[in-house]
Amino acid sequence: MRIILALTLAVLSACSSPAKEPMETSPKAPKQPTAKVEKTDAEWKAQLTPEQYRIARQDGTERPNGDVYKQFKKQGAGTYYCAGCGAKLFSSKEKFDSRCGWPSFYDPANAENVKTKVDMTAGMVRTEVLCAVCDAHLGHVFTGEGFSTPTDKRYCINGTVLTFVPDAQAEEKSAE
Ligand SMILES: [Zn+2]
């Protein structure tokens, strides 16, 4: 009996402790940067989580259909900010379900803060999406895939490098 109990506990704890990198959620909209944000590698490393650093500063990609994506799908109205510099990047208004396993938007909320660059790595020609303020790698954008959105663009973004601020809470804060 004791052995069965021990086994059950071992299985339970194995199931309940996967490495989690949930999307940052903040109740308050970050202060918008007014100039380009430049930091050293050491400064970014100190500020970001290891997973954020790997994605934003080393062109990494988060695991598809992970905890971050599950959270993203559940999130309601709100705004997505750069986890590195706080620049406003995307909003729930342009969010759509592309079923690709990563947060998807058909347009940036603030085009000024999002820039693109041709990416020839991984044997493909893709368009990389970056934060224009701090140069963080955000993901890639694909065009003309046949999605019934106003732009037929899919900004396929790593949720790990976004900070979500729900609308209702932002309103509460500003009403205080
Ligand atoms: Zn940024």
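Here is a short report on the structure shown in this document. (Residues numbered from 1 in each chain as written. Predicted model: local features only at pLDDT ≥ 70, side-chain atom pairs only at ≥ 80, totals over all residues. Heavy atoms only, no water.)

### A look at the coordination of the zinc ion
Working reference: metal with six octahedral donors, ideal angles 90 or 180 degrees; metal with four tetrahedral donors, ideal angle 109.5 degrees.
Line of reasoning, step 1. All of the protein donors around the zinc ion are Cys82 (SG), Cys85 (SG), Cys131 (SG) and Cys134 (SG); their distances to the metal are 2.3 to 2.4 Å.
Line of reasoning, step 2. Viewed at the metal, the four donor atoms of the zinc ion are separated by angles of 102 to 116 degrees, and the geometry they form is tetrahedral.
Line of reasoning, step 3. The sequence pattern formed by the donor residues of the zinc ion is C-x2-C-x45-C-x2-C. Of this pair, Cys82 sits in strand S2 (residues 78-82) while Cys131 is found in strand S6 (residues 126-131), placing the two residues 49 residues apart along the sequence.
Line of reasoning, step 4. Cys82 gets classed as buried once you look at its relative accessible area, which sits at 3%. (Donors = N, O, S within 2.8 Å, 3.2 Å for Na, K, Ca; no water. Tetrahedral: all angles 85-135°; square planar, octahedral: opposite > 155°, others 65-115°. Helix = DSSP H or I, 4+ residues; strand = E, 2+ residues; numbered from the N terminus. Buried < 20%, exposed > 50% of the residue type's maximum accessible area, 1.4 Å probe, protein only.)

### Side note on the sheet that holds strand S3 (residues 88-91)
Line of reasoning, step 1. The four strands are arranged S1-S9-S2-S3 in an open sheet whose pairing can be described as mixed. Each end of this open sheet is capped by a strand with a single partner; those strands are strand S1 (24-25) and S3.
Line of reasoning, step 2. As paired strands, S2 and strand S9 (residues 162-166) are joined by five bridges and run antiparallel to one another. What sits directly across from Cys82, in S9, is Leu162. (Pairing = 2+ DSSP bridges.)

### Let's talk about the packing of aromatic side chains
Line of reasoning, step 1. Scanning the model with the defined rule gives eight aromatic pairs in all.
Line of reasoning, step 2. An aromatic cluster is defined as three or more aromatic residues linked by ring pairs; in this entry it consists of Tyr69, Phe72, Tyr80, Phe90, Phe105, Tyr155 and Phe164.
Line of reasoning, step 3. Positioned above the aromatic ring of Trp44 is the side chain of Lys39, whose terminal nitrogen or guanidinium carbon lies 5.1 Å from the ring centre.
Line of reasoning, step 4. Lying over the aromatic face of Phe72, Lys95 brings its terminal NZ or CZ to 4.3 Å of the ring centre. (Phe/Tyr/Trp six-rings, centres within 6.5 Å; stacked < 30°, edge-to-face > 60°. Lys NZ or Arg CZ within 6 Å of the ring centre and 35° of its normal.)

### A word on the layout of surface pockets
Line of reasoning, step 1. Considered as a void within the structure, the largest pocket measures approximately 150 Å³ in volume.
Line of reasoning, step 2. The wall of the largest pocket is formed by Gly60, Thr61, Trp102, Arg126, His137, Gly139, His140, Phe142, Arg154, Cys156, Ile157 and Asn158.
Line of reasoning, step 3. Broken down by secondary-structure element, the contributors of at least two residues to the lining of the largest pocket are strand S7 (137-143) and strand S8 (153-157).
Line of reasoning, step 4. The leading source of residues in the lining of the largest pocket is S7, at four residues.
Line of reasoning, step 5. Each residue belonging to the lining of the largest pocket can be placed in one class, and the counts come to four nonpolar, six polar and two charged. (1 Å grid on protein atoms, 1.4 Å probe; cavity = no way out; pocket = protein on both sides within 12 Å on 5 of 7 lines; lining within 4 Å. Points joined across faces, edges and corners; volume = space filled by probe spheres on them. Nonpolar A, V, L, I, M, F, W, Y, C, P; charged D, E, K, R; others polar.)

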